[in-house]
Amino acid sequence: MRVPLIAGNWKMNTTVNEATGLVRAMRDELDKITDVERVICPPFVSLAPVKELLKDSTLKLGAQNLYFAEKGAYTGEISPLMVADLCEFVIIGHSERRHYFNETGEIVNKKVIAALKVGLKPILCIGERLDENEAGKTEDVLTGQLTSSLNGIDNLDGLVIAYEPVWAIGTGKAATGEWANKTIAFIRQHIAQLYDEKVAQEMRVLYGGSVTAANAAEFMQQPEIDGALVGGASLKATEFLSIVTQTSVFSTRK
Ligand code: PGA
């Protein structure tokens, strides 16, 4: 049985005050839903104060990025050791990083290796653009991204994959549950090819892209979908709580 996971990617939103306020608004209710792993990923500057607020909580913390070197003259970057000091998870290879910050497959691969080395659980994001989707290239894009991101990695300890079609991120146009389920089944099949069936069956694969309280059930009832990476809706306490609650309901039925 794969434990479902809902991760909130706050992106570049919330000051420290706003971040701690948001955590206070949802922490106690989220703490009651223990059959879903709940992760929040605030901006770097809020990780330490949020960690303090989560001292007695079962909510987990994730970072949105890291750099692959452990320390040194890399002005402005945050190292895996610094992230591991505060977090259990780290989002790697988000499409916004790939597109706005030119992160290549090779860079994503270095980051995944660096995260695993310090015991962080990467949430590795993959997904096709609209033009690739329309050209029928989704499966090729995903196998390419998986192969390059996981190059040379024997042990995927704790790694989670998030399938996020780029056309669905922040657009309000989510994929259908059926499409996401089918594509995630394909991703799992490719993991079985790269590793083995056991690794593939144990691997959690999330859907991400315009998930809201209104459409969460459509995704969470799908057998292949193990949770969600939620952007915009994770900034509203009631929306996020509703997504987690619905995930809990469906997890008992799968
Ligand atoms: P969204 O973002 O839920 O706002 O579409 C998802 C993501 O980028 O992880």
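Residues numbered from 1 in each chain as written. Predicted model: local features only at pLDDT ≥ 70, side-chain atom pairs only at ≥ 80, totals over all residues. Heavy atoms only, no water.

Draft legend 1. Region of the structure containing the site of the ligand. Around the ligand sit 13 residues in total, of which Lys11, His94, Glu164, Gly170 and Ser210 are the nearest. At a separation of 2.6 Å, an oxygen atom of the ligand approaches a polar side-chain atom of His94. Separating an oxygen atom of the ligand from a backbone N or O atom of Gly231 is a distance of 2.8 Å. In terms of residue class, the shell around the ligand is made up of 4 nonpolar, 7 polar and 2 charged. (Near = heavy atom within 4 Å. Polar contact = N/O pair within 3.5 Å; in protein donor to acceptor, adjacent residues only side chain to side chain. Nonpolar A, V, L, I, M, F, W, Y, C, P; charged D, E, K, R; others polar.)

Draft legend 2. Summary view of the packing of helix H1 (residues 16-30) against helix H2 (residues 44-53). In the contact formed by H1 and H2, the axes pass within 9 Å of each other and the chain directions differ by 35 degrees. Viewed along their axes, H1 and H2 form a crossing whose handedness is right-handed. Across the interface between the two elements, Val16, Ala19, Thr20, Val23, Arg24 and Arg27 of H1 pack against Val45, Ser46, Pro49, Val50 and Leu53 of H2. Class assignment of the residues belonging to the contact of H1 with H2 gives a composition of 7 nonpolar, 2 polar and 2 charged. (Axes fitted to C-alpha atoms, helices over the stretch in contact; angles between N-to-C directions. Helix = DSSP H or I, 4+ residues; strand = E, 2+ residues; numbered from the N terminus. Left-handed = near helix turned anticlockwise from the far one by under 90°. Contact = heavy atoms within 4.5 Å.)

Draft legend 3. How the structure looks around the packing of helix H7 (residues 138-149) against helix H8 (residues 177-194). Interaxial distance between H7 and H8 falls to 10 Å at its minimum, and their mutual angle equals 40 degrees. Accordingly, the angle class assigned to the pair H7 and H8 is oblique. Of the two elements, H7 crosses H8, and the hand of that crossing is right-handed. Here H7 contributes Thr138, Glu139, Leu142, Thr143, Leu146 and Thr147 to the contact with H8, which in turn contributes Trp179, Thr183, Phe186, Ile187, His190, Ile191 and Leu194. The class makeup of the residues in the contact of H7 with H8 is 7 nonpolar, 5 polar and 1 charged. (Parallel < 35°, antiparallel > 145°, perpendicular 65-115°, else oblique.)

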